[in-house]
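Each chain, letter by letter, is given below.
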Number of protein chains: 2
Amino acid sequence: MKKSHQKKKEILSPGLRGRIWIDGAEGTFLGYGRIILLEQIREYGSITKAGKSMEMSYRHAWELVDSMNRQAPAPLVAAVTGGKGGGGARLTEDGEKAIDLFWKLHADFQTFLAKEEKTLGIPKIKTGKRSKN
Amino acid sequence: MKKSHQKKKEILSPGLRGRIWIDGAEGTFLGYGRIILLEQIREYGSITKAGKSMEMSYRHAWELVDSMNRQAPAPLVAAVTGGKGGGGARLTEDGEKAIDLFWKLHADFQTFLAKEEKTLGIPKIKTGKRSKN
DNA sequence: ATACGTAATATAACACAGGGAATAACGAAA
DNA sequence: TTTCGTTATTCCCTGTGTTATATTACGTAT
């Protein structure tokens, strides 16, 4: 099992940071973690394996998929139970489009952050490690 | 006590959303909640009252202030103990500058979100309420 | 019919961030 | 020297969100 998308390592370099996501009728519809999950489902063909590859409980992974499917006009993930291998999950065409859309947004956002950080400077940050007092 | 900045009401309209913040050596240095807290401290001259106005425990408010002061080259909040009224807290010049800087970033970010939402459409969202199945 | 591995769902156990209480320190003013 | 309200600090405890575990449903292939 590939481990390219396990837990954030909590990178700690000073600077401008941010997150973007798309809200739906119930709250978050698409965000960074959900997109990674979709990509892992595409790779493994299984919610179980996708979740494990991200060190995410099956329950959480399933809830995210369910949330996306319920808020989208048509499901992003099609899951089947039973059958050969017990079933599985695959991305729909809309699922693929969601991934593409989000990465476009993400790229624009990274550009925005870099430009903003340069123009506004973000000057007032202590660079060294913290001192006790 | 004014209540203009109590708890978020969790607005739920579909669309592009996001948050930005500035990281320091220990993690978050400046973010939306911290800026509001700074403004409330400026208004009330007290960490205690500022925290209460945001329905935030004094402990939490103090930790945020401490975190900002430790990560900044010079304190954003100057607190004094004792004296008439028991003491208090006021913003430093750097504290004022932090507020200004963040709101500039915030304004640019809102503009970015609006523009991005328009150009990329954000099409695949169910508008009506959720159905059980 | 049986086996198999996953989806789907329910229940129990757990971790921990944060709240609240309690206490000490503080120093100007009366 | 007493009072007063705040800052500063510690400790306990609980709510809640998460994980872990268990159970059921499912359907194709053998």
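As the structure is a prediction and not an experimental result, all values here were calculated from the model. (Residues numbered from 1 in each chain as written. Chains lettered and ligands numbered in written order. Predicted model: local features only at pLDDT ≥ 70, side-chain atom pairs only at ≥ 80, totals over all residues. Heavy atoms only, no water.)

**With respect to the overall build of chain A**
Summing up its helical and strand segments, chain A has four helices and four strands in all. Order of helices (α) and strands (β) in chain A, N terminus to C terminus: β-β-α-α-α-β-β-α. The proportion of buried residues among the 133 residues of chain A is 40%. When contacts within chain A are restricted to residue pairs at least 6 apart in sequence, those whose partners lie at least 24 apart make up 60%. Surface exposure of chain A reaches about 7,700 Å², of which carbon and sulfur atoms provide 53%. (Helix = DSSP H or I, 4+ residues; strand = E, 2+ residues; numbered from the N terminus. Buried < 20%, exposed > 50% of the residue type's maximum accessible area, 1.4 Å probe, protein only. Contact = heavy atoms within 4.5 Å. Areas by Shrake-Rupley, 256 points an atom, 1.4 Å probe, with all protein chains shown as cover.)

**Focus on the interface of chain A and chain B**
Every contact between the two is made by 40 residues of chain A and, on the other side, 40 residues of chain B. A buried area of about 3,700 Å², summed over both sides, lies between chain A and chain B, and 67% of it is on carbon and sulfur atoms. Linking chain A with chain B are zero salt bridges, by the criterion used here. Seen at the junction of chain A and chain B, the total is five residue pairs in polar contact (both at pLDDT 80 or more). Where the side of chain A that touches chain B is concerned, the elements lending two or more residues are strand E1 (15-24), strand E2 (27-30), helix H3 (58-71) and helix H4 (93-120) of chain A. Sorting elements by how many residues they give to the side of chain A that touches chain B places H4(A) first, with eleven residues. (Buried area = accessible area lost by both parts, 1.4 Å probe. Salt bridge = Lys/Arg side-chain N within 4 Å of Asp/Glu carboxyl O. Polar contact = N/O pair within 3.5 Å; in protein donor to acceptor, adjacent residues only side chain to side chain.)

**Here's the deal with the protein's contact with DNA strand D**
Around DNA strand D, the structure places 22 residues, and the nearest of them are B:Ile47, B:Thr48, B:Lys49, B:Arg59 and B:Gly86. At a separation of 2.9 Å, a base oxygen of DNA strand D approaches a polar backbone atom of A:Gly82. In the model, a phosphate oxygen of DNA strand D is placed 2.6 Å from a nitrogen or oxygen of the B:Lys49 side chain. Those elements that provide at least two residues to the surface near DNA strand D are H3 of chain A together with helix H2 (47-53), helix H3 (58-71), strand E3 (77-81) and strand E4 (87-91) of chain B. When grouped by side-chain class, the residues that make up the surface near DNA strand D number five nonpolar, 13 polar and four charged. (Near = heavy atom within 4 Å. Nonpolar A, V, L, I, M, F, W, Y, C, P; charged D, E, K, R; others polar.)

**What about the protein's contact with DNA strand C?**
A:Ile47, A:Thr48, A:Lys49, A:Trp62 and B:Arg59 are the nearest of the 22 residues found near DNA strand C. Within 4 Å of the protein, atoms of DNA strand C come from sugar and phosphate in 60% of cases. A:Thr48 is positioned such that a nitrogen or oxygen atom in its side chain is 2.4 Å from a phosphate oxygen of DNA strand C. In this structure, B:Gly82 approaches DNA strand C through a main-chain N or O atom, which is 2.8 Å from a base oxygen. Breaking the surface near DNA strand C down by element, the ones donating at least two residues are helix H2 (47-53), H3, strand E3 (77-81) and strand E4 (87-91) of chain A together with H3 of chain B. Tallied by class, the residues present in the surface near DNA strand C amount to five nonpolar, 13 polar and four charged.

**Quick word on the packing of aromatic side chains**
Given two aromatic rings, their pairing is described by the distance between the two centres and the angle made by the two planes. Tallying each qualifying case throughout the model produces ten aromatic pairs over all chains. Note on A:Phe112 and B:Phe112: the rings are 4.8 Å apart at their centroids and 25° apart in plane angle, and the pair reads as stacked. Remark: B:Phe112 occurs in helix H4 (residues 93-120) and A:Phe112 occurs in helix H4; the pair is interchain, linking two chains. Residues A:Phe112 and B:Phe112 agree in their burial class; the two are buried. Ring centres of B:Phe102 and B:Trp103 lie 5.7 Å apart, and the angle between their planes is 70°; on these two criteria the pair is classed as edge-to-face. Residue class for B:Phe102 comes out buried when judged on its relative accessible area of 1%. For B:Trp103, a relative accessible area of 27% gives the class partly exposed. Taken together through their ring pairs, the aromatic side chains of A:Phe109, A:Phe112, B:Phe109 and B:Phe112 make up a single cluster. (Phe/Tyr/Trp six-rings, centres within 6.5 Å; stacked < 30°, edge-to-face > 60°.)

**Section: the pattern of salt bridges**
Residues and elements named next belong to chain A. Taken as a whole and assessed by the stated rule, the structure comprises nine salt bridges over all chains. With its nearest N and O atoms 2.7 Å apart, the salt bridge here joins Arg42 to Glu96. With Arg42 in helix H1 (residues 32-44) and Glu96 in helix H4, this pair connects stretches of sequence that are 54 residues apart. Judged by its relative accessible area of 40%, Arg42 is partly exposed. On the accessibility criterion, Glu96 (24% relative accessible area) is partly exposed. Within the structure, one salt-bridge network assembled from shared partners comprises Glu26, Asp66 and Arg70.

These results come straight from atomic positions and should not be treated as a statement about function.
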